[in-house]
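Descriptive analysis of the structure
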Amino acid sequence: MSAIEIKNLTKVFEIDGDTVTALKGVSLNVEKGDIFGIIGMSGAGKSTLVRSINYLERPTEGSVFIDGVNLSELSPKALRKLRSRIGMIFQNFNLLEQKNVIDNVCFPLEISGVKKKDARVRARELLNLVGLSDKEKAYPSQLSGGQKQRVAIARALATDPEILLCDEATSALDPQTTAGVLGLIRKINEKLGITVVIITHQMSVVTDICRHVAIIDGGKLVEEGLVESIFSDPRSDAAKELLSGKQIKGVHRDSLEARRKIRIVFRENSAYEPVIANLILKVQSPVNILRADTRNVGGKAVGEMILGLPEDRSKQEEIIDELKKAGLSVKETEEDE
Amino acid sequence: MNESVIKMLIEGIGETLYMTFGSVIAGYIIGLPLGILLYVSGGKGLRPCKPVYKLIDFICNIIRSIPFLILLILLIPVTRAIVGQSYGSTATIVPLVVCAAPYIARVVESSLTDVDAGVIEAARAMGADNFQIITKVLLVEAKTSLMTGFTITTGLLLGYSAMSGTVGGGGLGDIAVRYGYYRWQTDIMIITVILLIVIFQIIQNTGTKLSAKLDHRKR
């Protein structure tokens, strides 16, 4: 059984008499123990999607199942109980500013009626886990962004949840702190077996720790699968955009016809061979390297390169054939350098 | 200055403090729940309910639009029914509370509105119900702002209690009117004004210090 099952989810908001469709028929499954990324540009509907998982937003149509339980069939009380089994962290941390670190971590336990003494013991364990044992008495305003998010993670874990929802949890952090927080989330996933759902607009977050990814664009699910396969073979415009970090829509196709470009992705084996050098020697025609990059995808180094092809049509085909023969994934692209 | 005047002034201070704090406390007993209700039923509240909001909103606005001095006279029958007489410091508390409660409700509503929506969302995501959100999140996170509101309200009621002196309300205001105005004893008038200023300063400073001390947001 999937930890989370979303079926045909549609959410329509009514704002000042206007209706805005935030999500249109989204269906996806998140397996137990997975780290699942949901990525999209801002306004794509991903925040609404993650809030549907714990029913902070009630879907207009469709249903959400947690461990096979349909949330729409739960009483308000049962729903609140279920929410305590789903931890959530946020972009702005959302800590109680007037409570110190340990009281913040105890807070969800206080809500579920755990005795204060037991709550403290549990909170200390968690602060130890996130590496903030010495900050117990500090107030949120005395902490850095990374520390605040660690407190928020400890707080989210207090009630022993089976699922952790992360809503742009690293978007307010610098790259180094982001890496630390993501490392912690990975550790929690491995150590405690918690299913993690990560909402982000940063591709690097997805390639760093997610195993599966869903791409949301304009309220629709446009692509879904293993991170590795979407990274090497993106099909949707949204996926390509997120990978390149540039806008693709609205570019004139005819102007690109002349300077045909391809995106190639090196897997581990091909990364050791001088593929491009061999190619040029064989085809006897230069290619233009517009961009090259290596990324860490699920712990493996994966290289990507954007090549500008020569004008001769037959040479172009020859180059593409050669690259495919070398075992690389080749895809035409409209990305700019 | 003779002994009897000093004794009268001390009594006046006592009555003024009694009226001010008596009405603030009674005012909060009514106004705090009303303010919470305004926030909860308001458009961005925990459980928006337009009829409830509109009703409280309407009553608050009506009372707040009547000048205190007129309210004082209008309420004489009510005061007489509750306290048994319409003059003296206990009687003055009735119109003071009626005047303060809607004001307090507004101040409380505005304090609660300032609480970060994200924190409320986080509490809801943890499985908190509305009552827990009010008692454990809203009132806790808004405590500095609520304290500031309390101080402002107390200062306001100190002034209004003095105003009730014109209709025999007791306290320093009463002394100022009876001696300073009707008997032309300017020295007593000046002393009561100075005393009122001192009391006001003490209330305001204590309130400001207390709310700064309660605040853990910036250090």
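Residues numbered from 1 in each chain as written. Chains lettered and ligands numbered in written order. Predicted model: local features only at pLDDT ≥ 70, side-chain atom pairs only at ≥ 80, totals over all residues. Heavy atoms only, no water.

**As for the overall build of chain B**
Spelled out, the test is: Under the scheme used here, helices are H or I runs from DSSP no shorter than 4 residues and strands are E runs no shorter than 2 residues, and both carry numbers assigned from the N terminus. Per-residue accessibility, obtained with a 1.4 Å probe over protein chains only, is compared with the maximum for each type, and a residue is labelled buried under 20%, exposed over 50%, and partly exposed between these values. When checking whether two residues touch, look at their non-hydrogen atoms; a contact exists if any pair is within 4.5 Å.
When its secondary structure is counted, chain B shows ten helices and zero strands. Based on the C-alpha atoms only, the size of chain B along its principal axes is roughly 65 × 45 × 25 Å. Here chain B holds 219 residues, and the buried ones make up 46% of them. Put simply, of all contacts in chain B between residues at least 6 apart along the chain, 72% involve residues at least 24 apart.

**Points about the overall build of chain A**
In plain terms, the rule: Residue exposure ignores everything except the shown protein chains as possible cover, and the areas themselves are Shrake-Rupley values with a 1.4 Å probe. Charge assignment: positive for Lys and Arg, negative for Asp and Glu; neither His nor the chain ends contribute. The location of each charge is read from NZ of Lys, CZ of Arg, CG of Asp or CD of Glu.
If you tally the helices and strands in chain A, you get twelve helices and 14 strands. Principal-axis analysis of the C-alpha atoms places the extent of chain A at approximately 75 × 50 × 35 Å. Relative to its full complement of 337 residues, chain A shows a buried share of 52%. Intrachain contacts of chain A at a sequence separation of at least 6 include 69% that bridge at least 24 residues. Carbon and sulfur atoms make up 47% of the accessible area of chain A, which totals about 15300 Å². Averaging the locations of the 48 positively and 48 negatively charged side chains of chain A gives two centres separated by 7 Å.

**A look at the state of the cysteines**
All names here are of chain A. Test applied: Cysteine sulfur atoms are paired as a disulfide whenever they come within 2.5 Å of each other.
Tallied over the full model, the rule gives zero disulfides over all chains. Here Cys210 stays unpaired: no disulfide links it, and the sulfur of Cys166, its closest cysteine neighbor, is 8.9 Å away. The exposure class of Cys210 is buried, given its relative accessible area of 3%.

**Re the packing of helix H3 (residues 101-111) of chain A against helix H5 (residues 145-157) of chain A**
Residue and element names in this part refer to chain A. Here is the rule: Helix axes are fitted to C-alpha atoms over the stretch in contact, other axes to C-alpha atoms as well, and angles between N-to-C directions run from 0 to 180 degrees. Roughly parallel here means an angle under 35 degrees, roughly antiparallel means over 145, roughly perpendicular means 65 to 115, and every remaining angle is called oblique. Crossing handedness is read from the near helix: turned anticlockwise from the far helix by less than a right angle, it gives a left-handed crossing, and turned clockwise, a right-handed one.
Remark: H3 packs on H5, axes separated minimally by 7 Å, with the N-to-C direction vectors making an angle of 30°. Taken together, the axis directions place H3 and H5 in an arrangement best described as roughly parallel. For the pair H3 and H5, the sense of crossing is right-handed. Across the interface between the two elements, Val101, Asn104, Val105 and Pro108 from H3 touch Val151, Ala154 and Arg155 from H5.

**Re the sheet that holds strand S7 (residues 163-167) of chain A**
All names here are of chain A. Rules: One bridge is not enough; two strands pair if DSSP finds at least two bridges between them.
Taken in spatial order, the six strands line up as S6-S7-S8-S3-S9-S10 in an open sheet, and their pairing is mixed. The open sheet has two free edges, formed respectively by strand S6 (86-90) and strand S10 (220-226), since each of these has just one partner strand. When strand polarity is set aside, the average angle formed by the axes of neighbouring strands in this sheet is 15°.

**Some words on the interface of chain B and chain A**
This is how the line gets drawn: Buried area: the accessible surface (1.4 Å probe) lost by two parts on joining, summed over both. Salt bridges are counted wherever a side-chain nitrogen of Lys or Arg sits within 4 Å of a carboxyl oxygen of Asp or Glu. For this scheme, ten residues count as nonpolar: Ala, Val, Leu, Ile, Met, Phe, Trp, Tyr, Cys and Pro. Four count as charged, namely Asp, Glu, Lys and Arg, and the remainder, Gly too, count as polar.
Facing 25 residues of chain B, the contacting portion of chain A comprises 23 residues. Between chain B and chain A, the buried area comes to about 2100 Å², and carbon and sulfur atoms account for 58% of it. Taken together, the links from chain B to chain A amount to two salt bridges. The partner of Glu121(B) in a salt bridge is Arg51(A), and the shortest N-O contact between them spans 2.4 Å. Of all elements in the fold, only helix H6 (117-125), helix H7 (130-141) and helix H8 (143-163) of chain B reach the threshold of two or more residues within the side of chain B that touches chain A. With seven residues, the top contributor of residues to the side of chain B that touches chain A is H6(B). Taken together, the residues that form the side of chain B that touches chain A break down as nine nonpolar, five polar and eleven charged.

**A look at the packing of H8(B) against helix H10 (residues 186-214) of chain B**
Residue and element names in this part refer to chain B. Between H8 and H10, the least distance of the axes is 8 Å, while the angle of their chain directions is 170°. With respect to H10, the element H8 is oriented roughly antiparallel. Contacts between H8 and H10 involve Lys143, Thr144, Met147, Thr148, Thr151, Thr154, Gly155, Leu158 and Ala162 from the former and Leu196, Ile199, Phe200, Ile203, Gln204, Gly207, Leu210, Ser211 and Leu214 from the latter. Here the contact of H8 with H10 is composed, by residue class, of nine nonpolar, eight polar and one charged.

**Let's talk about the nonpolar core**
To keep it simple, the criterion reads: Only buried Ala, Val, Leu, Ile, Met, Phe, Trp, Tyr and Cys residues count toward a nonpolar core, and they belong to the same one when joined by side-chain atoms within 4.5 Å.
In this structure, Ile4(A), Leu49(A), Ile66(A) and Leu138(B) are the most contacted members of the largest nonpolar core, which totals 67 residues. The element contributing the most residues to this core is helix H5 (residues 89-113) of chain B, with eight residues. Apart from residues lying up to four places away in sequence, Ile4(A) is in contact with Leu28(A), Asn29(A), Val30(A), Ile53(A), Phe65(A), Ile66(A), Ile163(A) and Val197(A). The next biggest cluster of nonpolar side chains, apart from the first, holds 55 residues, and it includes Ala119(A), Leu143(A), Ala158(A) and Val196(A).

**A few points about the packing of aromatic side chains**
The cut-off we apply is this: Aromatic rings from Phe, Tyr and Trp, taking only the six-membered ring of Trp, are treated as a pair when their centres fall within 6.5 Å; an angle between ring planes under 30 degrees marks them as stacked, one over 60 as edge-to-face, and anything in between as tilted. Either the NZ atom of lysine or the CZ atom of arginine qualifies as a charge over a ring when it sits within 6 Å of the ring centre and within 35 degrees of the ring normal.
This model, assessed by the stated rule, comprises three aromatic pairs over all chains. The interplanar angle of 10° and the centroid separation of 4.7 Å between the aromatic rings of Phe68(B) and Tyr160(B) together place this pair among those described as stacked. You can see Phe68(B) sitting in helix H3 (residues 68-74) and its partner Tyr160(B) sitting in helix H8, a full 92 residues away along the chain. The buried category is assigned to Phe68(B), whose relative accessible area is 5%. Just above the ring of Phe231(A) sits the side chain of Arg263(A); from NZ or CZ to the centre is 5.4 Å.

**Focus: a nonpolar patch on the surface**
Residues and elements named next belong to chain B. Stated formally: A patch consists of residues exposed above 30% relative accessible area that lack any salt bridge, with like charges linked at up to 9 Å and nonpolar side chains (Val, Leu, Ile, Met, Phe, Trp, Tyr) linked at up to 5 Å.
A cluster of nonpolar side chains, namely Leu17, Phe21, Ile25, Ile29 and Ile30, defines an oily patch on the protein surface of about 440 Å² accessible area. Here Leu17 shows up in helix H1 (residues 3-41). The class for Leu17 is partly exposed, based on a relative accessible area of 32%.

**Description of the pattern of salt bridges**
Residues and elements named next belong to chain A. Per the counting criterion, the structure on display carries 25 salt bridges over all chains. We note a salt bridge from Arg235 to Asp233, for which the minimum N-O separation is 2.9 Å. Put simply, Lys32, Asp67, Arg85 and Glu162 are held in one network by salt bridges that share partners.

**Some remarks on the environment of Ser133(A)**
Residues and elements named next belong to chain A. To keep things clear, this is the line we draw: We call two N or O atoms a polar contact when they sit within 3.5 Å, provided that within protein one can donate a hydrogen and the other can accept it, with sequence-adjacent residues counted only if both atoms are side-chain atoms.
By secondary structure assignment, the location of Ser133 is in the loop between helix H4 (116-129) and H5. On the basis of relative accessible area, Ser133 is assigned to the partly exposed category, the value being 37%. Along the chain, Ser133 and Ser144 lie eleven residues apart, while their C-alpha atoms are 15 Å from each other. Ser133 has contacts with Leu127 and Asn128, leaving out every residue within four places of it along the chain. Here the side chain of Ser133 touches Asn128 through a polar contact of 3.3 Å, side chain to side chain.

**Digging into the sheet that holds strand S5 (residues 69-70) of chain A**
Residues and elements named next belong to chain A. The strand order across the open sheet formed by four strands is S2-S1-S4-S5, and the pairing between neighbours is antiparallel. Of all the strands in the sheet, the pair left with one neighbour each is strand S2 (18-30) and S5. In the sheet, strand S1 (residues 4-15) pairs with S2 via nine bridges, with the strands oriented antiparallel. Considered in S2, the bridge of Lys11 is made with Leu23. The sheet strands contacting helix H1 (residues 46-53) are S1, S2 and strand S4 (61-66), and the helix crosses S1 at an angle near 120°.

What is shown is where atoms sit, not what they do.
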